[in-house]
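Here is what each chain is made of, one letter per residue.
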Amino acid sequence: MQDEREAARVLLKIAQLLDSEVEQLSDEDGLGTHPGWNSLAHVEILATLEDECGLVIDAESITGMGTFGSIRQFVENWAHG
Amino acid sequence: MISHVAYKNCLPMTPSPSSVDPRHPLARLLNAAEAHPHSLALHNDELSVTYEDFAGRIMRLATVFRRHAAMGRVLLSLEKGLDAYAAPFAAMAVRAVYCPLNPDLPLRRRLSVGEAFEPDVILTDRPEDWEAHPQSSRVLRPDEVDEVAELPEDLELELAIDDRPAYVIFTSGSSGDPKGVVIPLTGLCHYLDWAVPALGAGPGSRCSQHPNLGFDLSVLDVFASLCSGATLIPLSSAMDRMFPGRAIERHAIDTWVSVPSVVDVIARAGDLKPERLRSLRLMVFCGEPLRRPHCRAIFDNTEHCRILNTYGPTEATVSCTVVEVTRENLDDISGESVAIGDPIGDMSLGIDEGDEGELVISGPQVALGYWRDTEATARVFDPANRSYRTGDWVRRKGRNLFVTGRIDRQVKVRGHRLELGEVETRAREVSGGRAVAAFVRDESIVLVVEGVVADAAEFRSALSDVLPDYMLPADVVGIAAIPRTPNDKIDYRSLEDAYAR
């Protein structure tokens, strides 16, 4: 329960960075395909994931976290890990 | 003065001082290469090129250009690799004019620049893009250069400085067709007379290369670094471009050149902190208004970093004013933005009427005009006075000169003449310093604010305390990130399209 709440809290933060809500975001939304998700928003998303979940920012995670689906997966793994 | 220097087997030889103008960019580069052959000219994760090798590559490219584009035209559409930096010098070596074109621009846009420029040679990493190119240009990939060029024993170089075009940079014209700004070698050399000592880079110094190569701000970091023996650090990886604060730390960059909004990017990445910015010794800003919070943020997070604010349109060779911003003078020289400072060298500034009006620039850095467009040239250039009407609206307050907006951003809404820049300035204050953009749609003002706008009515009411009613936006909308052009300036065209009804 605690884990899910943590994951939901982080995902909400990500959605807010996109001026959106978690329910409005599909797994396919991402860098370049969602209207608010440009490179500057992506920088903030990565920095948030680094702060909240200890994401290591590198070339791999910059592309790896390119969609809301992959971010959801990452955040859920982190919360349950 | 025509002068020659022989260049043997790509090993730097001393250009005899009597026969070479030492202010010529290539003479400066060759002098640096001779003095410090084993210092790095270029360095990042993918590149590590000494000055000796860099000079050698210039000569190799120059032999190709001499064969196919001597005194002609060279189009460079290259990723930030060795040839992107060597080819401009090589073009100058054979007195060809070069045109740097951002390879990330949409293909149609690149092709239209190619059509306008009619190059003899196109050097590009993506030759397939240019296959349909109708002109008789020779398209070359960097790795083909070695096959094409047998290195000659001697290469005669003419390193004289005259009014011949050095480069042409295409900017977007209001009609939508690209407009080529033609910069003479005299203008570039006058600029370097300021830029090289102003950056004060030299052997051992590490200078960022952030702007894309089709943006003339890159002339500053590229030439001021490579003409002084410093190491240029091309920021080309996604990591370095998205996280400039970490790039500064990782590459131990001491000299930084960019548009001021990069400071916002550093902040949003959470990297505005001393451990990231420790190596910085100088930051030079150009291209858009520098604001007081940008400077405070830098002063608060660095110990010895100086800040230079510069201003200039592409039509006057990158920048033609400068002011050093210090902790002490920041408040005195800040209005809505930081003052643009004083003209450099032999440049001069004039306001067409009194203390407020359109800024007119004159002096040796003023462009020769627009590429093959006498009509557009005549509208804004006055060759008799070597002057250019910038279209920038400026205001003089005491000793300080402030750019307050674009003349073409002066609009008429329901009979009222107003400055969209002023709406933006007030909105920025009300929003607590967020990025904003105002534009006109159907006779009313739309204001876009970066981030969440919880209560648009409340925002509007706060604005009504500082703006007259006719300047109030009809709509205030939040946006996750304001779209920006490849040069990091606010992209009004795509905003207008996005919010068109």
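The model shown is predicted, which means the values in this text are computed figures rather than measured ones. (Residues numbered from 1 in each chain as written. Chains lettered and ligands numbered in written order. Predicted model: local features only at pLDDT ≥ 70, side-chain atom pairs only at ≥ 80, totals over all residues. Heavy atoms only, no water.)

Draft legend 1. Quick peek at the packing of aromatic side chains. Residues and elements named next belong to chain B. In total, this model carries 9 aromatic pairs over all chains according to the counting rule given. Both rings, one in phenylalanine 117 and one in phenylalanine 170, keep their centres 6.4 Å apart while their planes meet at 85°; by these two values the pair is edge-to-face. Of the two residues, phenylalanine 117 is situated in helix α4 (residues 107–117) and phenylalanine 170 in strand β9 (residues 165–172); the sequence distance between them amounts to 53 residues. Note on accessibility: phenylalanine 117 and phenylalanine 170 belong to one class, buried. An aromatic cluster is built from Phe54, Phe89 and Phe223, whose rings are joined through pairwise contacts. Sitting over the ring of phenylalanine 402, lysine 397 keeps its end group 5.5 Å from the ring centre. The positively charged end of arginine 409 is found above the aromatic ring belonging to tyrosine 492, 4.0 Å away from the centroid. (Phe/Tyr/Trp six-rings, centres within 6.5 Å; stacked < 30°, edge-to-face > 60°. Helix = DSSP H or I, 4+ residues; strand = E, 2+ residues; numbered from the N terminus. Buried < 20%, exposed > 50% of the residue type's maximum accessible area, 1.4 Å probe, protein only. Lys NZ or Arg CZ within 6 Å of the ring centre and 35° of its normal.)

Draft legend 2. Spotlight on the environment of isoleucine 490 of chain B. Residues and elements named next belong to chain B. As for its placement among the helices and strands, isoleucine 490 is situated in the loop between β28 (475–479) and α16 (492–498). Counting along the chain gives 53 residues from isoleucine 490 to alanine 437, while the straight-line C-alpha distance between them is 7.6 Å. Filtering out sequence-adjacent residues up to four positions away, isoleucine 490 remains in contact with Val436, Ala437, Ile482, Pro483, Arg484, Thr485 and Leu495. (Contact = heavy atoms within 4.5 Å.)

Draft legend 3. Layout of the nonpolar core. Core analysis: the largest hydrophobic core is formed by 121 residues, its most contacted members being Leu26, Leu29, Phe54, Phe65, Leu220 and Leu226 of chain B. Lining this core are residues from two domains, each supplying at least three of them: domain 1 (4–184) and domain 2 (237–369 + 393–406) of chain B. (Core = buried A, V, L, I, M, F, W, Y, C linked by side-chain atoms within 4.5 Å. Domains from an automatic or database assignment.)

Draft legend 4. Focus on the pairing of strand β13 (residues 255–258) of chain B. Residues and elements named next belong to chain B. Burial along β13 is two-sided: Thr255 and Val257 facing one way and Trp256 and Ser258 facing the other are all buried. Looking at chain direction, β13 and strand β14 (residues 282–285) are connected through 4 bridges and run parallel. If you follow tryptophan 256 over to β14, its bridge partner there is methionine 283. (Pairing = 2+ DSSP bridges.)

Draft legend 5. Quick look at empty space enclosed by the protein. All names here are of chain B. Inspection of every chain in the model, using the stated rule, returns 4 cavities of 30 Å³ or more. Estimated volume of the largest cavity: approximately 150 Å³. Lining of the largest cavity is provided by 15 residues; of these, Ala84, Pro88, Tyr98, Pro100 and Leu213 occupy positions nearest its centre. Elements with a contribution of two residues or more to the lining of the largest cavity: β4 (73–77), α3 (82–93), β5 (97–100) and α7 (217–226). The element contributing the most residues to the lining of the largest cavity is α7, with 4 residues. Residue composition of the lining of the largest cavity, by class: 13 nonpolar, 2 polar and no charged. Reported here for the second largest cavity is a volume of approximately 70 Å³. Around the second largest cavity, the lining residues are His24, Met92, Arg95, Ala96, Glu158, Ala160, Arg164, Pro165, Ala166 and Leu185. Residue composition of the lining of the second largest cavity, grouped by class: 6 nonpolar, 1 polar and 3 charged. (1 Å grid on protein atoms, 1.4 Å probe; cavity = no way out; pocket = protein on both sides within 12 Å on 5 of 7 lines; lining within 4 Å. Points joined across faces, edges and corners; volume = space filled by probe spheres on them. Nonpolar A, V, L, I, M, F, W, Y, C, P; charged D, E, K, R; others polar.)

Draft legend 6. Spatial organisation of the interface of chain B and chain A. Contacts between the two partners involve 17 residues from chain B, matched on the other side by 18 residues from chain A. Taken over both partners, the interface formed by chain B and chain A buries close to 1400 Å², and the fraction arising from carbon and sulfur atoms is 68%. Considering only the surface of chain B that becomes buried against chain A, Met242, Arg268 and Ala480 of chain B emerge as the three largest contributors, covering 41% of it. At the boundary of chain B and chain A, one finds 2 salt bridges. Between glutamate 50 of chain A and arginine 246 of chain B there is a salt bridge whose closest N-O contact spans 2.8 Å. Joining chain B to chain A, the criterion identifies 2 residue pairs in polar contact (both at pLDDT 80 or more). Listing elements by their share of the side of chain B that touches chain A, those giving two or more residues are α8 (238–242), α10 (261–268) and β28 of chain B. (Buried area = accessible area lost by both parts, 1.4 Å probe. Salt bridge = Lys/Arg side-chain N within 4 Å of Asp/Glu carboxyl O. Polar contact = N/O pair within 3.5 Å; in protein donor to acceptor, adjacent residues only side chain to side chain.)

Draft legend 7. Main features of α4 of chain B. Residue and element names in this part refer to chain B. Along α4, the positions that sit buried rather than exposed are Arg110, Val113, Gly114 and Phe117. Buried positions in α4, seen along its axis, are confined to an arc of 100° and lie on one side of it. Residues of α4 that are buried in the fold lie against β4, β5, β9 and β10 (178–184). Directly beyond the C-terminal end of α4, a positive phi value near 50° is found at glutamate 118. (Arc of directions from axis to C-beta.)

Draft legend 8. Seen up close, the environment of proline 100 of chain B. Residues and elements named next belong to chain B. As for its placement among the helices and strands, proline 100 is situated in strand β5. Accessibility expressed as a relative area gives 11% for proline 100, which makes it buried. Each C-alpha atom of the pair proline 100 and phenylalanine 215 lies 8.2 Å from the other, and the pair is 115 residues apart in sequence. Not counting chain neighbours up to four residues away, the residues in contact with proline 100 comprise Leu76, Val168, Ile169, Leu213 and Gly214.

Draft legend 9. Representation of the confidence of the model for chain A. Across chain A, the average pLDDT comes to 92, with 98% of residues at 70 or higher. When mean pLDDT is taken per element in chain A, helix α4 (residues 68–80) of chain A scores highest with 95 and helix α1 (residues 2–17) of chain A scores lowest with 92. (pLDDT = per-residue confidence, 0-100.)

Draft legend 10. View of the layout of surface pockets. For the second largest pocket, the calculated volume is near 240 Å³. Lining the second largest pocket we find 13 residues, and of these Pro35 and Gly36 of chain A together with Ile479, Ala498 and Tyr499 of chain B sit closest to its centre. The set of elements that each furnish at least two residues to the lining of the second largest pocket consists of β28 and α16 of chain B. Here the lining of the second largest pocket is built from residues that sort into 8 nonpolar, 4 polar and 1 charged.

Draft legend 11. A look at the confidence of the model for chain B. Predicted confidence across chain B gives a mean pLDDT of 90, with 93% of residues reaching 70 or more. Of the regions scoring below 50 in pLDDT, residues 1–18 of chain B engages in 54 contacts with residues more than four places distant in sequence or in other chains.

Draft legend 12. How the structure looks around the pattern of salt bridges. Tallied over the entire structure, the rule returns 38 salt bridges over all chains. One salt bridge connects arginine 276 of chain B with aspartate 271 of chain B, and the closest N-O pair in it is separated by 3.0 Å. Of the residues examined, arginine 276 of chain B reaches a relative accessible area of 16% and is grouped as buried. Look at the salt bridges and you will find they share partners, linking Glu50 of chain A together with Arg246, Glu249, Asp271 and Arg276 of chain B into a network.

Draft legend 13. How the structure looks around unusual backbone geometry. Residue and element names in this part refer to chain B. Phi is positive for methionine 71, which is not a glycine, with a value near 55°. Its relative accessible area of 53% is what places methionine 71 among the exposed residues. Even without being a glycine, arginine 95 presents a positive backbone phi close to 55°. Tracing the chain through its elements places arginine 95 in the loop between α3 and β5. Since its relative accessible area comes to 9%, arginine 95 is described here as buried.

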